[in-house]
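A look at the structure
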Amino acid sequence: MKGLVYNGPREVRVIDVPDPKIEKETDALVRVTTTNICGSDLHMYEGRTSVEKGKILGHENLGRVIAVGKAVDRVKVGDWVCLPFNIACGFCKNCERGLTSACLTTNPGGAGAAYGYAEMGPYSGGQAELLRVPYADFNCLVLPPDAEEKQNDYVMLADIWPTGWHATELAGLKSGESVVIYGSGPVGLFAAYSSIIKGASKVMVVDRHKDRLKLAEDIGAIPIDDSREDPIDAVMKYTKGEGADRGCECVGWQCHDPAGHEVPNDTMNKLVKSVRPTGSLGVVGVFVPKDPKPADELMQHGEIAFDFGLFFHKGLRMGSGQCPVKAYNRLLCSLIAEGIAQPSFLVSHVLPLDKAPDAYKHFDSRDDGWTKVVLRPAA
Ligand SMILES: NC(=O)c1ccc[n+]([C@@H]2O[C@H](COP(=O)([O-])OP(=O)(O)OC[C@H]3O[C@@H](n4cnc5c(N)ncnc54)[C@H](O)[C@@H]3O)[C@@H](O)[C@H]2O)c1
Ligand SMILES: [Zn+2]
Ligand SMILES: [Zn+2]
């Protein structure tokens, strides 16, 4: 089959790779009809992780089941399924509590596994024609009858919408509260979309890409362009000097100033300043324990100069980490099926797999209009 593999910094290729097989009786094989490029893929693409050459990337996958192992009895051949990016067992101590992002079975020696990702186990990704899905009965979200025509909506359930939702959950956002979101990429836009669905009174989104801020505005958020105004001043202006009730970090350690210089503590410290005393933060942008090409000395070991004094002084709280997609995907799926939500609003490009290397380039450069790329490997 064809698959997209990492071949070194800023180089991915679509090549012939061996077809995956049913390896355990609990596996399923899925023909991938829709798969996204994610901001998380860019950390690998830019050579900022330990990912090995030849790894098939892709962790936001949707498709049709073409084979199941003997021990799979819920999921059937022919089902349309969306796969959480987390690969989880369903029976370990963490999975039992719903924390599938920290599964103790699927990535021995670590906590949490994913398709096609550095340090997340030996699993191939779905930017390919076929995908092996371990523990299929647990991991597959079987989709409603309109799955095929609404693939661009349902595929957002694999990662990016649940992750945006998770940011608001970690931040403890409640109806009627205000929230500031740093980052208007797909994750930040979905944190904004989730906040609006949850009934936030004011949703402020900080970025400097006009096209992305326009999407935030279109869904009802207040765009804050930090290349034009200080985002902390802007948040204070919109909240009568109090600060936002809640804050979401949706950028990660490669956050930078509007001129492009990486400043790994920029968003975290701005959040501490933007959120009101006793407020709380949800951090889903990725921060890593080691960075092979750090912007500063601290970040080499995953550290940032965090304004802990002010964080403590304001009595803030914080939650962080990968999203346990299964905690939310069934509910968010219902919002799509019932016509209440249409997360495909941010899809900018739908392309065949062989166009993916070029799409990585554009998405990595945050070129105007390249908000979210959907690939169709086996349409
Ligand atoms: N926790 C999880 O489970 C999870 C899941 C998916 C993605 N992520 C992570 O979320 C982050 C965002 O993903 P994405 O797909 O939206 O990526 P993206 O790179 O497309 O978007 C990030 C946005 O942040 C903006 N930005 C950069 N520096 C900024 C700053 N200082 N202030 C304000 N905005 C700034 C950029 O202009 C860009 O629009 C990444 O780190 C990704 O790895 C985490
Ligand atoms: Zn992703
Ligand atoms: Zn588990």
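Computed from a prediction, not measured in an experiment: that's the story for all the values here. (Residues numbered from 1 in each chain as written. Chains lettered and ligands numbered in written order. Predicted model: local features only at pLDDT ≥ 70, side-chain atom pairs only at ≥ 80, totals over all residues.)

1. Considering the pairing of strand 11 (residues 202-207)
Most of strand 11 sits inside the fold, with five of its six residues counted as buried. Where strand 10 (residues 178-182) and strand 11 come together, five bridges link them in parallel fashion. From the neighbouring strand, Ser178 faces strand 11, where its bridge partner is Lys202. Read from strand 10 through helix 6 (residues 186-197) to strand 11, the crossover connection turns out right-handed. (Buried ≥ 20, exposed ≤ 12 C-beta atoms within 10 Å, placed from the backbone. Helix = DSSP H or I, 4+ residues; strand = E, 2+ residues; numbered from the N terminus. Pairing = 2+ DSSP bridges. Right-handed = clockwise from strand over helix to strand, strands pointing away.)

2. What to know about the sheet that holds strand 10
Judged by pairing direction, the sheet is parallel, and its six strands sit side by side in the order 12-11-10-13-14-15 without closing on themselves. Each of the sheet's edge strands pairs with one partner strand only, and the pair in question is strand 12 (222-225) and strand 15 (317-320). On average, each strand axis in the sheet is tilted by 20 degrees relative to the strand beside it, whichever way the strands run. Sheet topology note: the strand 14 (residues 275-283)/strand 15 ladder contains four bridges and is parallel. From the neighbouring strand, Ser280 faces strand 15, where its bridge partner is Arg317. (Axes fitted to C-alpha atoms, helices over the stretch in contact; angles between N-to-C directions.)

3. Thoughts on the domain arrangement of the chain
In terms of domain boundaries, the chain breaks down into domain 1 (2-159 + 325-376) and domain 2 (161-320). The C-alpha centroid of domain 2 is placed 26 Å from the C-alpha centroid of domain 1. Taken together, the 21 residues of domain 1 in the interface contact 22 residues of domain 2. The set of elements that each furnish at least two residues to the side of domain 1 that touches domain 2 consists of helix 1 (39-45) and helix 11 (329-337). (Domains from an automatic or database assignment. Contact = placed C-beta atoms within 7 Å.)

4. What to know about the nonpolar core
Ranked by size, the top nonpolar core spans 112 residues in total, and within it Ala28, Val81, Cys82, Ile181, Met204 and Val205 carry the most contacts. Examining the composition of this core, we find that six residues originate from one element, helix 6, more than from any other. Both domains that meet at this core, namely domain 1 (2-159 + 325-376) and domain 2 (161-320), each give it at least three residues. Other than its neighbours up to four places away in sequence, Ile181 contacts Gly188, Ala191, Ala192, Val203, Met204, Val205, Val206, Cys248 and Cys250. (Core = buried A, V, L, I, M, F, W, Y, C linked by C-beta atoms within 7 Å.)

5. Observations regarding unusual backbone geometry
The backbone phi angle of Glu119 is positive, close to 65 degrees, even though this residue is not glycine. Considering the arrangement of structural elements, one finds Glu119 in the loop between strand 7 (113-114) and strand 8 (130-133). Glu119 gets classed as partly exposed once you count the C-beta atoms within 10 Å, which come to 15. One non-glycine residue, Thr278, lies in the positive phi region at around 75 degrees. Mapped onto the elements, Thr278 comes out in strand 14.

6. Focus: helix 7 (residues 210-218)
Among the residues of helix 7, those classed as buried are Arg212, Leu213, Leu215 and Ala216. End-on, the buried residues of helix 7 take up no more than an arc of 155 degrees, which puts them together on one face. In helix 7, the exposed positions that point more than 90 degrees away from the buried face belong to Lys214 and Asp218. Where the residues of helix 7 are buried, they touch helix 6, strand 11 and strand 12. (Arc of directions from axis to C-beta.)

7. Concerning helix 12 (residues 356-364)
Within helix 12, the full set of buried residues consists of Ala356, Ala359, Tyr360 and Phe363. For helix 12, the buried positions fall inside an angular range of 105 degrees around the axis, keeping them on one side. Elements that come into contact with the buried residues of helix 12 comprise strand 1 (2-6), strand 2 (12-16), helix 1, strand 16 (349-352) and strand 17 (373-376). The first or second residue beyond helix 12 is Arg366, which carries a positive phi of 45 degrees.

8. Observations concerning the site of ligand 1
As a structural note, the neighbourhood of ligand 1 is formed by 33 residues, with Gly39, Ser40, Gly183, Gly185 and Gly252 the closest of them. Listed by contribution, the elements that provide at least two residues to the shell around ligand 1 are helix 1, helix 6, strand 11 and helix 9 (266-274). With four residues, helix 1 is the single largest residue contributor to the shell around ligand 1. Of the residues that constitute the shell around ligand 1, the class distribution is 12 nonpolar, 14 polar and seven charged. When residues are assigned to domains, the shell around ligand 1 turns out to be shared by domain 1 (2-159 + 325-376) and domain 2 (161-320), each giving three or more. (Near = placed C-beta within 6 Å. Nonpolar A, V, L, I, M, F, W, Y, C, P; charged D, E, K, R; others polar.)

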